[in-house]
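# Breakdown of the fold
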Amino acid sequence: MNQKNIFLKILKKEIKADIIYQDKIVTAFKDIKPKAPVHILIISNTLITSANDINEKNENILTHIFTTAIKIAKKIGIDQTGYRLILNCNKNGGQEIPHLHLHLLGGEYLGDIL
Ligand code: AMP
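Read on for a plain summary of the structure. Residue numbering note: each chain is counted from 1, following its sequence as written. Local features in this predicted model are restricted to residues of pLDDT 70 or higher, and side-chain atom pairs are both shown and tallied only at a pLDDT of 80 or more, whereas totals for entire chains, interfaces and linings draw on every residue. Hydrogens and waters are ignored; side-chain quantities use all the structure's heavy atoms.

Under the scheme used here, helices are H or I runs from DSSP no shorter than 4 residues and strands are E runs no shorter than 2 residues, and both carry numbers assigned from the N terminus. Topologically, S50 is positioned in the loop between β3 (38-44) and α2 (59-76). We call a residue buried when its accessible area falls under 20% of the maximum for its residue type, exposed when it is over 50%, and partly exposed in between, using a 1.4 Å probe and counting protein chains only. Judged by relative accessible area, which is 4%, S50 ranks as buried. Polar contacts, as counted here, are pairs of nitrogen or oxygen atoms within 3.5 Å of one another; within protein the pair requires one atom able to donate a hydrogen and one able to accept it, and residues that are adjacent in sequence qualify only if both atoms are side-chain atoms. A polar contact of 3.0 Å, which involves the side chain of S50, links it to the backbone nitrogen of N52. Discounting residues that sit within four places of it in the chain, S50 has contacts with C89, N90, Q95 and L100. Any two residues whose heavy atoms approach within 4.5 Å at even a single point are treated as in contact.

We now examine the site of the ligand. Taken together, the neighbourhood of the ligand is formed by 17 residues, with D31, N88, E96, H101 and H103 sitting nearest. Within the backbone of I32, a nitrogen or oxygen atom sits 3.1 Å from a nitrogen atom of the ligand. Burial of the ligand by the surrounding chains reaches 90%, relative to a free accessible area of 510 Å². When residues of the shell around the ligand are traced back to their parent elements, those giving at least two are α1 (6-11), β2 (26-30) and β5 (101-106). At three residues, the largest contribution of residues to the shell around the ligand is made by α1. Residues are sorted three ways: Asp, Glu, Lys and Arg are charged, Ala, Val, Leu, Ile, Met, Phe, Trp, Tyr, Cys and Pro are nonpolar, and all the rest, Gly among them, are polar. Class assignment for the residues of the shell around the ligand results in seven nonpolar, five polar and five charged. Only a single heavy atom is needed: when it lies within 4 Å of a molecule or strand, its residue is near that molecule or strand. Accessible surface is estimated by sampling points in the Shrake-Rupley manner with a 1.4 Å probe; for residues, cover comes only from the protein chains shown.

So, about the environment of I76. Its place among the elements puts I76 in helix α2. As a C-alpha pair, I76 and V38 span 38 residues in sequence and 9.2 Å in three-dimensional space. In this structure I76 touches V38 and I40, once residues within four positions along its chain are discounted.

Another point: α2. A helix's residues, less one, multiplied by 1.5 Å, set its expected span. Between its first and last C-alpha, α2 extends 26 Å over 18 residues, near the 26 Å set by a 1.5 Å rise per residue. For α2, the complete set of buried residues consists of I61, I65, T68, A69, I72 and A73. Buried residues of α2 fall within an arc of 135 degrees about the axis and therefore sit on the same side. Turned more than 90 degrees away from the buried face of α2 sit K71 and K74, all of them exposed. By definition, the arc is the one covered by directions from the helix axis to the C-beta atoms.

Of all hydrophobic cores here, the largest spans 15 residues; its most connected members are A28, I40, I42, I65, I72, I78 and L104. Elements that contribute at least two residues to this core include exactly β2, β3, α2 and β5. With near-sequence residues (within four places) excluded, L104 lies in contact with V38, H39, I40, I42, A69, I72, A73, I78, Y83, R84 and L85. The nonpolar core is taken to be a set of buried Ala, Val, Leu, Ile, Met, Phe, Trp, Tyr and Cys residues, with the residues joined through side-chain atoms within 4.5 Å. Membership of the second largest hydrophobic core comes to eight residues, among which are F7, L41, I43 and I97.

As far as function goes, none of this settles anything; it's purely spatial.
Written out as structure tokens, the structure reads:
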């Protein structure tokens, strides 16, 4: 197992996380160092190292990650005020954990980044 992949340890219940949603394809939990009042990570249950490993065979997982993020945003009531979805890829993209994950951020105005 990749020692840098703490998300696999969360999936295997070897370390605790504040899991708010889980199904056969994805798991969502609160980020340990939140960058906004709402900061949730939605990860694949199978190991997909980065966005570069998405292809025609597993693209349903990426779709499901996004659908889950949107459902969570609606459930916690930030869909109307808005939110930001971020998917970092590799070094220049600022990806720390080599396991596909989407950041769901919201709960306040997040500022302009582009
Ligand atoms: P990234 O930089 O896109 O790879 O994002 C990794 C995220 O994982 C960061 O926002 C970290 O704060 C978060 N993180 C790291 N370890 C944990 C953990 N044990 N539980 C929850 N979130 C974590």
